[in-house]
Amino acid sequence: MAESRLSFDRVASAFYATAALSLLLILGLMIARVASRNFGLGFSGLQIIAQFFEVWLAFLVVGGLALDGGHIEIDYLSQRIPERWKPLHDILVTLVCLFAAAVVFWGSVKAMQQFRDSTAPLVDIPIPLYYLAPVVGLGFLILVYVRRLYLDVKEVRA
Amino acid sequence: MGLFGGGGTTTLRANSPAAEGSVHGDAAAWLGEYVSEETGGSIEIDAYRNSELGGQIESIENVSSGSLDMYVIPYALTGTQYQPAQVFDAPYLYDPDNPYEDIYEKTDPQDSEIAQQVIDDLVSETDIRSLGAVVQGTRRVTLNVNNEPPRNPEELSEYTMRAVPIAMYSEALKALGAQTTNIDFSEVPQALATGSIQGQENPYNIIRSSGIWENQNYILETNHMHSPLAVIMNEGVFQDLSESEQQVLYDGVREIQPRATETLESNLEGHKSFMRDNGLTIVPPEDLEMDAFRSAARSRIRSQFPDLIGTIEQLHGDGYPA
Amino acid sequence: MGMLGVVVIAMFVLLALLRVPVWVALLAPALWYSFVEGQPVIFPATNMMRSLDSFTFLAIPLFIYVGSLMNHGDITEKIFDFADSLVGHYDGGLAQVNIVTSLIFAGISGSALADIGGVGRVLIKSMTDADYDADFSAALTSASATVGPIFPPSIPLIIFGIIAEVSVLSLLLAGALPALLTVAALMLGTVYVAKTQDLPSNDKRASVRDIGRTFLVALPALLTPVVLVSGMLAGVFSPTEAAGVTVFYILLVNTFVYRIVDFGYIWKAAVETTKTSGSIVIILAAASVFSFVLSVENIDTMFAQTLFTISENKLVLLLLVNLVLLFIGLFLDPIAALVMMTPIVAPTLVEAGVDPVHVGVIMVFNLMLGLLTPPLGLSVYLSADIADVPVARVFSRTKVYYVILIAALLVITYVPQITMYVPRTF
Ligand code: NA
Ligand code: NA
């Protein structure tokens, strides 16, 4: 299982890096936008491109955050759960997460089909490229949860 | 729609980006009154306003996917799903002397063959059906002017204006002569106040409700666009209705058109005197070189939208001459 | 109408308390509702994606990046040195330095926890080195960090602006005076604490020359909020762009003034930022699906009607809302509480005649106080962890400041002019 953890970490790192790159692109686009408006450079659509990278930034990191325990959680009540119930509780939490991730993943796949011919105004980014972000990000998240489920179930059996 | 519609009642959920008191905000509610009455309550429309059920692009996508039943929005925005739908927003398309009636005639999904064709294509490409249109109001230019207001495209070229990030809108504004820039609508008042832009274009009601007037001293009645507001509906939901129910929806849009015209016209006088009372100068079309604006706009549309120009010419009826 | 909405809210609270990640706790009940309602499966995907595809949203990762970049340089120590020369000689010297430093840092960063994790670390260490109780140092650091998200910039105020569709610019400007008032109250309170508990202070007042020297060193950092606020006021950039400009400014200052030429930190901070901001924006995206349910089920109307049956008096309503928010802040993370409560509370208060901008400041202030109280007092957890002392001891030393902050909250609630002066005047 250590090996699988290693490959998951690799994917997570690659996704974090891509997200960080998106952040730097957003930064560059914002600066260009301020410059364009205040010096009349006439760039247009920078905002729409920046928002596109924002979508990618958000979905790229959900899987890594689940892997590293980085999602915001409220854990003071669950700390009081008796030790022997904990693996079961973990399984339950993972199942809820898996359900939510799977529904949005599937909806995004369908959205890629439904909006295959449409594009963003002004900059003509194909809309399926927007929905590809949740497909990729949540796809990885689902794998993270399936792996966790597998480990938890093994622990309960043992 | 769905599970809780029971008892033979279909409840359609309609969204609008606009507030109560405007045609844009109220059209769905008006339609609901008519439809509920005519169908004896078997169809009801729940009208939501102020983008309560989602933003503009999101709502259009939702109508397309069936997540939202109805939406009231200018045709140009459905152009994000299917570009040719923008033809109804072409500048200087409708009869300047009788714009509202002309809009109703040319956009009618039952009587106008050209409109029918565009809408059929919209349906087959996107699952979005248009039930017809009401009028939103005429788009005009607002500016901060130091000396004399510009009266033709050449004079307007000295101004930087905010363009709506939709091809038909921004091309029309470029054609009027202005330098254009894209900034978010929420930032317009601030950008005007600080002078990073000098103007924008919108109908009177939006100029007023958004507070844009506070930072402008001139309104040029360029009247470049009489925007039809499409009442759009998801095709699947539409096809689940009986033929007579479908007909009631079509009739309903026609039925609320006079009310839209009336609301618009009665609001218009109020908006104008409000602007004058607040120190804005209104330049009427008579004092502008309208021929120059019109011919610049039409030639630019001709060159920028070669795929659409055939449909626009047909809609115009007289070849859309520059 | 109504019943299903209440079920969805109850499911959220239950799931959140069961340690389901907050974004899933919001999303899962909304998905269940969406199925019951017969919505197509595309709907939640569209809703989440489109809520992220927003201009205002861009401010969140950019402002988080600002805080992260600050914590990677040594700007923090420079701010501290200046504050030390300025107020170090007063009663409770370093305690006052702590508050002033937090305020200056608040002008750069937009999150209380980021403040504690960054400048708080330096403050706690300096105080304990100077023989202050570690538990008092941690308590004060938590309390003074409350100001961070009130003074511009502020991640929670931006989030409120996005959800309630209120001008982010006005909200950010509105926070300035309430934050200054709160700082004044905390400093006065500390004078009292110093008198009663005999806190150490610097032996002698710093010379004017020392103040001048530390000021010059800290100046570029001190200028950050000035650049930020005046840029927004002058309309050179919007709040979202302001975030980008601030990042740019800090990179320039770090490189050309403080001569930090090992550029690895820029990338490290960027990666760190994607994690922090990712965990926040995914909650906002899920909250967008959740608040669709609240809209359709008219939960805001129900809440308003319930409150209005108790009283229609604006002053009473404000008190009630404060109590509700303080209670929710006990148990929920501020962002979770903000995304759940804003669509419910804001329309009620606006209907009662409270300015939406004022509502935002009141809500954020309330929820920040929740960071100081058990059972879920994240600020106290974090600073106790840094100071390496038991959480319970820090909570008990926080009490006096909690009382001061509640008093400040009441003043801010009932004297709307304090909040509204800056956004109305400029
Ligand atoms: Na701040
Ligand atoms: Na708490």
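What counts and what doesn't
Residues numbered from 1 in each chain as written. Chains lettered and ligands numbered in written order. Predicted model: local features only at pLDDT ≥ 70, side-chain atom pairs only at ≥ 80, totals over all residues. Heavy atoms only, no water. UniProt positions renumbered as here; feature names shortened; annotations may be inferred. Helix = DSSP H or I, 4+ residues; strand = E, 2+ residues; numbered from the N terminus. Phe/Tyr/Trp six-rings, centres within 6.5 Å; stacked < 30°, edge-to-face > 60°. Buried < 20%, exposed > 50% of the residue type's maximum accessible area, 1.4 Å probe, protein only. Lys NZ or Arg CZ within 6 Å of the ring centre and 35° of its normal. Donors = N, O, S within 2.8 Å, 3.2 Å for Na, K, Ca; no water. 1 Å grid on protein atoms, 1.4 Å probe; cavity = no way out; pocket = protein on both sides within 12 Å on 5 of 7 lines; lining within 4 Å. Points joined across faces, edges and corners; volume = space filled by probe spheres on them. Nonpolar A, V, L, I, M, F, W, Y, C, P; charged D, E, K, R; others polar.

## Structural notes on the UniProt feature "transmembrane region" (unreviewed entry) in chain A
Residue and element names in this part refer to chain A.
- Per the UniProt entry, the sites bearing "transmembrane region" (unreviewed entry) are residues 12-36, 48-67, 88-109 and 129-146 in this numbering.
- Secondary structure across residues 12-36 divides into 100% helix and 0% strand, with the first and last C-alpha atoms of the span separated by 35 Å.
- End C-alpha to end C-alpha, residues 88-109 measures 31 Å, and it is 100% helix and 0% strand.

## Quick notes on the packing of aromatic side chains
- According to the stated counting rule, one finds 16 aromatic pairs over all chains in the structure shown.
- Ring geometry for Phe327 of chain C against Phe331 of chain C: centres 5.2 Å apart, planes inclined by 70 degrees, an arrangement best described as edge-to-face. A residue pair is termed a helical-turn pair when its members lie 3 or 4 positions apart in one helix, as Phe327 of chain C and Phe331 of chain C do in helix H16 (residues 314-331) at four residues.
- Phe331 of chain C sits in the partly exposed class, given a relative accessible area of 30%.
- Members of the aromatic cluster, joined through ring pairs, are Phe8, Phe15 and Phe140 of chain A.
- Between Arg147 of chain A and the ring centre of Phe8 of chain A, over which it is positioned, the NZ or CZ distance is 5.4 Å.
- Here Lys275 of chain C stacks its cationic end above the ring of Tyr16 of chain A, 4.4 Å away from the centre of that ring.

## Description of the coordination of the sodium ion (ligand 1)
Residue and element names in this part refer to chain C.
- At 2.3 to 2.4 Å from the sodium ion (ligand 1) lie its protein donor atoms, namely Ala106 (O), Ser109 (O), Gly148 (O), Phe151 (O) and Pro153 (O).
- Considered as a linear motif, the donors of the sodium ion (ligand 1) on their single chain read A-x2-S-x38-G-x2-F-x1-P. Within this pair, whereas Ala106 is found in helix H6 (residues 93-106), its partner Pro153 is found in the loop between helix H8 (134-145) and helix H9 (155-164), the two being separated by 47 residues in sequence.
- For Ala106, a relative accessible area of 0% puts it in the buried group.
- Residue Pro153 is classed as buried on the basis of its relative accessible area, which comes to 1%.

## Digging into the layout of surface pockets
- In this structure, the second largest pocket spans a volume of roughly 1300 Å³.
- Around the second largest pocket, the lining is made up of 48 residues, and of these Ile72 of chain A together with Leu113, Ala114, Thr276 and Ser279 of chain C lie nearest the centre.
- Of all the elements, helix H7 (residues 112-129) of chain C adds the most residues to the lining of the second largest pocket, at eight residues.
- A breakdown of the residues in the lining of the second largest pocket according to their chemical character gives 24 nonpolar, 16 polar and eight charged.

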